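So the chains spell out like this:
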Amino acid sequence: MTLTLRGGQTPGKLPEQLNVRQIELLNRMRPGEKITITSLRKSTGEESMSERTARNDLTGLVKLGFLVRQAQGKNTFYIRTEKPIA
């Protein structure tokens, strides 16, 4: 009998889909901590970061299970999950 698990992440290795900004954000956030698009743009020190870039970074982290999206529209915020980075 053979059991094959696919789609998993190699332990100790970051997912290839993460960019530098996303990795830095995950390293700064603790589980349960909240962040908004506005606070992400301010915290990065990148004044040129567009709202779309910030939204794409956060959405990518939601898809990978590192963040959970709450509320809608201007009230949207994201909560860091317990999922380990590596």
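Calculation notes
- Residues numbered from 1 in each chain as written.
- Predicted model: local features only at pLDDT ≥ 70, side-chain atom pairs only at ≥ 80, totals over all residues.
- Heavy atoms only, no water.
- 1 Å grid on protein atoms, 1.4 Å probe; cavity = no way out; pocket = protein on both sides within 12 Å on 5 of 7 lines; lining within 4 Å.
- Points joined across faces, edges and corners; volume = space filled by probe spheres on them.
- Helix = DSSP H or I, 4+ residues; strand = E, 2+ residues; numbered from the N terminus.
- Nonpolar A, V, L, I, M, F, W, Y, C, P; charged D, E, K, R; others polar.
- Pairing = 2+ DSSP bridges.
- Contact = heavy atoms within 4.5 Å.
- Axes fitted to C-alpha atoms, helices over the stretch in contact; angles between N-to-C directions.

**Q** Summarise the layout of surface pockets; cite the residues concerned and give the values.
**A** A volume near 210 Å³ is recorded for the largest pocket. As for the largest pocket, its lining consists of Thr36, Ile37, Thr38, Arg41, Glu51, Arg55, Arg69, Gly73, Lys74, Thr76 and Tyr78. Taken together, the elements giving at least two residues each to the lining of the largest pocket come down to α2 (37-43) and α3 (51-63). Here the lining of the largest pocket is built from residues that sort into two nonpolar, four polar and five charged.

**Q** If you had to explain the sheet that holds strand β2 (residues 67-70) to someone new, which residues and values would you point to?
**A** Taken together, the three strands give an open sheet; going across it, the order is β1-β3-β2, and neighbouring strands pair in antiparallel fashion. Each having just a single partner strand, β1 (34-35) and β2 make up the two edges of the open sheet. Summarising the sheet, β2 and strand β3 (residues 77-80) pair through four bridges and their orientation is antiparallel. The residue of β3 that forms the bridge with Leu67 is Arg80. In the packing of α3 onto the sheet, the strands contacted are β1, β2 and β3, and the crossing angle to β2 comes to about 115 degrees.

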